[in-house]
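Listed below, chain by chain, are the residues.
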Amino acid sequence: MPWKNSDTRYSTMSIALHWVMVVLLAVVYACIEFRGVFPKGSGGRALIVEMHFMFGLTIFVLVWLRLFARALGVAPKIVPAPPPWQAALATLMHVALYVFMIGTPVLGWLIVSAQGHSVMFYGIELPPLIGENKDLAKQIKEWHELSGTVGYWLIGLHALAGIYHHYIVRDNTALRMMPGKRATP
Ligand code: HEM
């Protein structure tokens, strides 16, 4: 069944969502980091920022599907098993990544709401989460930016851990999340 993990690898659904979200995160970051390419007030600037909002909210929607897929069974075993402290650290990192993927888009939606604007999501106008309050919008924007910076670190460390396990420890940690690859080292 495409939703359920096996003993050796994540489900097809989890693998697909994982890699789609990697691409989405890259696009969400790129849209906001490169917004300066377009002058303020231009159509290009408005479009690239709208894309940041829309793909950011897509991450918020997809993360619940990932949590659902994850809740359907236990994670495939790592062979050979890592020491308990490493397993605990990995769990902590996964929890932090989920909090980031849920919290950051919500903070973004709160900024736009407090600025007095609505957000378009694939042609649907989403209602504001809170009333207009410019001072609060500035405050939430700082939290959102901090969350974005923390996200860079979490994603970077998560990717480095995968590379370390694959090339140095040579276990099946990364293979469990690879499409169409054998899942044992
Ligand atoms: C996982 C999803 C998201 C990530 C990783 C993310 C990350 C970021 C980052 C890194 C910045 C730039 C900070 C800076 O300039 O230093 C930013 C700005 C911003 N984001 Fe997000 N964001 C996400 C989702 C959203 C969503 C869903 C919305 C709105 C619905 C949103 C609204 C904003 C706004 C309004 C700004 C400020 C833009 C400006 O200064 O012109 N973000 N975000």
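See the structure shown above.
Residues numbered from 1 in each chain as written. Predicted model: local features only at pLDDT ≥ 70, side-chain atom pairs only at ≥ 80, totals over all residues. Heavy atoms only, no water.

Participant: Would you take a moment to explain the coordination of the iron atom of the ligand for this structure?
Facilitator: Around a metal, the idealised angle for a tetrahedral arrangement of four donor atoms is 109.5 degrees; for an octahedral arrangement of six donor atoms it is 90 or 180 degrees. Here the iron atom of the ligand is held by the protein donor atoms His-52 (NE2) and His-144 (NE2), which lie 2.0 Å from it. Coordination at the iron atom of the ligand is octahedral: its six donor atoms span angles of 87 to 179 degrees at the metal. Of this pair, His-52 sits in helix α2 (residues 43-71) while His-144 is found in helix α4 (residues 134-169), placing the two residues 92 residues apart along the sequence. Take His-52 and His-144: they sit in the same class, and that class is buried. (Donors = N, O, S within 2.8 Å, 3.2 Å for Na, K, Ca; no water. Tetrahedral: all angles 85-135°; square planar, octahedral: opposite > 155°, others 65-115°. Helix = DSSP H or I, 4+ residues; strand = E, 2+ residues; numbered from the N terminus. Buried < 20%, exposed > 50% of the residue type's maximum accessible area, 1.4 Å probe, protein only.)

Participant: Before we go on, may I ask you to explain the nonpolar core in this structure?
Facilitator: Buried together is how nonpolar side chains tend to be arranged in soluble globular proteins. Among the nonpolar cores identified, the biggest contains 23 residues, and Met-21, Leu-57, Ile-59, Phe-100 and Met-101 are the most heavily contacted of them. Of all elements in the fold, only α1 (12-33), α2, α3 (84-114) and β1 (119-121) reach the threshold of two or more residues within this core. Top element by residues in this core is α3. It accounts for seven residues. Excluding residues within four positions of it along the chain, Met-21 makes contact with Ile-59, Leu-62, Val-63, Arg-66 and Met-101. (Core = buried A, V, L, I, M, F, W, Y, C linked by side-chain atoms within 4.5 Å. Contact = heavy atoms within 4.5 Å.)

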